[in-house]
Amino acid sequence: MKNRINKIKELALKEMSEAKSLADLEKLRVKYLGRRSDLTNVLRGLKDLSKGERKEIGEMANKIKEEIESGIRNQESGIKKLKFSNIESREKIDTTYPGEKIKKGHLHPLTQVRYEIEEIFKSMGFLTVEGREVEDEFHNFDALNIPKDHPARDIWDTFWLKDGNLLQTHTSPMQIRFMKENKPPLRIIVPGRVFRYEASDATHESNFYQVEGLMVDESGKITVANFKSAMAEFMKSLFKREVKIRLRPSYFPFVEPGFEIDVSCPYCDGAGCRICKKTGWIEILGAGMVNQKVFTSVGFKKDKYEGFAFGFGLDRIAMIKYGVDDVRLFYSGDLRFLEQF
Ligand code: PHE
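Residues numbered from 1 in each chain as written. Predicted model: local features only at pLDDT ≥ 70, side-chain atom pairs only at ≥ 80, totals over all residues. Heavy atoms only, no water.

### Points about a positive patch on the surface
Link 1 in the chain: A cluster of basic residues, Arg 35, Arg 36, Arg 44 and Lys 47, forms a positive patch on the protein surface.
Link 2 in the chain: Of note, Arg 44 is situated in helix H3 (residues 38-45).
Link 3 in the chain: Its relative accessible area of 45% is what places Arg 44 among the partly exposed residues. (Patch = residues over 30% accessible without salt bridge, like charges linked within 9 Å, V, L, I, M, F, W, Y side chains within 5 Å. Areas by Shrake-Rupley, 256 points an atom, 1.4 Å probe, with all protein chains shown as cover. Salt bridge = Lys/Arg side-chain N within 4 Å of Asp/Glu carboxyl O. Lys, Arg positive; Asp, Glu negative; His and termini not counted. Charge placed at Lys NZ, Arg CZ, Asp CG, Glu CD. Helix = DSSP H or I, 4+ residues; strand = E, 2+ residues; numbered from the N terminus. Buried < 20%, exposed > 50% of the residue type's maximum accessible area, 1.4 Å probe, protein only.)

Structure representation (C-alpha cells):
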C-alpha cells in the first residue's frame with residue numbers, strides 16, 4: 001500500500017514538473033486528486049483497513065494529497081508569472097504614442113459656398129434674409145406678375161400641396177414679403193431651398209438652392225450699369241479672378257427688361273473647356289430691373305422706385321467653383337465626395 005502511494009506521488013510530481021500550461025495542470029488535478037483518482041480510492045478504502053494501518057496509511061495519503069495540491073498551486077503561479085513577464089516587450093504597448101485622431105465633420109460644400117456668398121454681399125451692404133419653403137400662390141406667382149393661367153407659369157413646374165399652397169419654385173417670393181415690411185432703400189439677398197417638379201439629371205435636381213438678390217432705391221438712382229458692376233464685383237470675389245460679364249435679353253414677368261447673365265469661364269479664361277462646354281461662357285443667373293407691377297403689388301406708388309433683382313442657383317455656382325460636373329453628387333451623402341471639401 002505504501003509503495004502504491006509513493007508511486008502515485010512520484011508520478012504526480014514528475015508530470016507536474018513537465019506541465020506547460022494551466023490547462024495541463026487542470027488535467028493533472030483531475031487525474032491525481034479527482035473523484036476517480038488512485039489517491040481518492042486509497043482514501044476511500046481506509047475504512048477496510050485495521051486500525052493501526054488506517055492511521056498510518058491515512059496520514060501518509062493525506063500528506064501526499066496536500067503535497068500534490070500545493071505542488072499544482074506553485075506550478076500554476078509559476079506559469080502565470082511567466083505569462084506576464086516581459087509583456088512590455090512582447091505586446092509593445094507604448095503609452096506615450098499619440099492616440100488615433102477622431103474624425104471631425106465639416107460643413108457641406110453647398111453650405112460653405114452659401115456662407116462665402118453671404119460674406120461677399122455683406123461687404124457690399126446687402127442684408128441676408130430667409131423666406132419659406134412652403135409658400136402661397138400669391139407670393140410665389142401673382143404678386144410677381146405671374147397671374148393664374150398666364151403661360152409664364154409653365155416656366156416653373158410646381159409641386160402643389162393639397163391645401164392649395166405650394167413648395168416655393170424660386171426665392172423671388174421673398175422680394176414681396178420683404179418689401180411689404182420694408183421701404184427702400186434696400187439691399188437684400190435671400191438664400192433658400194427651392195423645388196421644381198422635374199426629372200433629375202446631371203445638371204438638374206427637383207430640389208436645389210437659389211440665392212435671390214434685390215436692390216431698390218428712389219427712381220433714377222439705380223441703373224443697369226450699377227447692376228453690372230455689382231455682379232462683376234461679386235463674381236470676381238467668388239472665383240478669385242477677373243471675369244467678364246455678358247448680358248443677354250431674357251424674359252421673367254417680374255423684371256423689365258430681363259436678362260440672363262453669362263460669365264467668362266473661370267476655368268479656361270474663356271478659351272473653352274469641359275466646364276463651359278467649349279463655349280468660353282457660363283450661364284449663371286437670371287436678372288433684370290424690377291417690374292413696376294411688382295412695386296405696385298406691395299403697395300408702392302408706380303415709378304417712385306427703381307431697382308434690380310437677380311436669382312442664381314447655388315448648386316450651379318458650387319459646381320463651377322469646384323469643377324463638379326454632376327449636381328447629384330452634392331445630395332448623394334457620399335463621404336468619399338464630401339470629404340474632399
Ligand atoms: N426667379 C427666377 C428663377 O428662378 C430668377 C430671377 C430672379 C430672375 C430675379 C430675375 C430676377 O428662374
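After that view of the structure, there is still more to cover.
### Points about the environment of Asp 136
Link 1 in the chain: By secondary structure assignment, the location of Asp 136 is in the loop between strand E2 (134-135) and helix H7 (137-140).
Link 2 in the chain: Overall, the relative accessible area of 24% leaves Asp 136 in the partly exposed class.
Link 3 in the chain: Each C-alpha atom, one on Asp 136 and one on Ile 275, is 37 Å from the other, the two residues being 139 residues apart in sequence.
Link 4 in the chain: A polar side-chain atom of Asp 136 sits 2.8 Å from a polar atom in the side chain of His 139. (Polar contact = N/O pair within 3.5 Å; in protein donor to acceptor, adjacent residues only side chain to side chain.)

### Description of the site of the ligand
Link 1 in the chain: Near the ligand there are 14 residues, and of these His 170, Ser 172, Arg 196, Gln 210 and Gly 311 occur at the shortest range.
Link 2 in the chain: With respect to the ligand, the side chain of His 170 contributes an N or O atom lying 2.9 Å from a nitrogen atom.
Link 3 in the chain: A distance of 2.9 Å separates a nitrogen atom of the ligand from a polar side-chain atom of Ser 172.
Link 4 in the chain: Here the ligand has 330 Å² of accessible area as a free molecule, and 93% of this is covered by the chains.
Link 5 in the chain: Looking at the shell around the ligand, the elements with two or more residues in it are strand E5 (207-218), strand E8 (281-290) and strand E9 (305-313).
Link 6 in the chain: Here the shell around the ligand takes 3 residues from E9, the largest share from any one element.
Link 7 in the chain: Here the residues of the shell around the ligand are counted per class, giving 7 nonpolar, 5 polar and 2 charged. (Near = heavy atom within 4 Å. Nonpolar A, V, L, I, M, F, W, Y, C, P; charged D, E, K, R; others polar.)

### Some remarks on the domain arrangement of the protein chain
Link 1 in the chain: What the domain assignment reports for the protein chain is domain 1 (2-90) and domain 2 (109-338).
Link 2 in the chain: Taken over C-alpha atoms, the centre of domain 1 sits 90 Å from the centre of domain 2. (Domains from an automatic or database assignment.)

### Remarks on the pairing of strand E7 (residues 255-264)
Link 1 in the chain: Counting buried residues along E7, 8 of its 10 residues qualify, which places the element largely inside the surrounding structure.
Link 2 in the chain: Across 6 bridges, strand E6 (residues 245-250) lies against E7 in antiparallel orientation. Bridge pairing in E7 places Pro 249 opposite Phe 259.
Link 3 in the chain: Once E6 ends, the chain turns through 4 residues before running back antiparallel as E7. (Pairing = 2+ DSSP bridges.)

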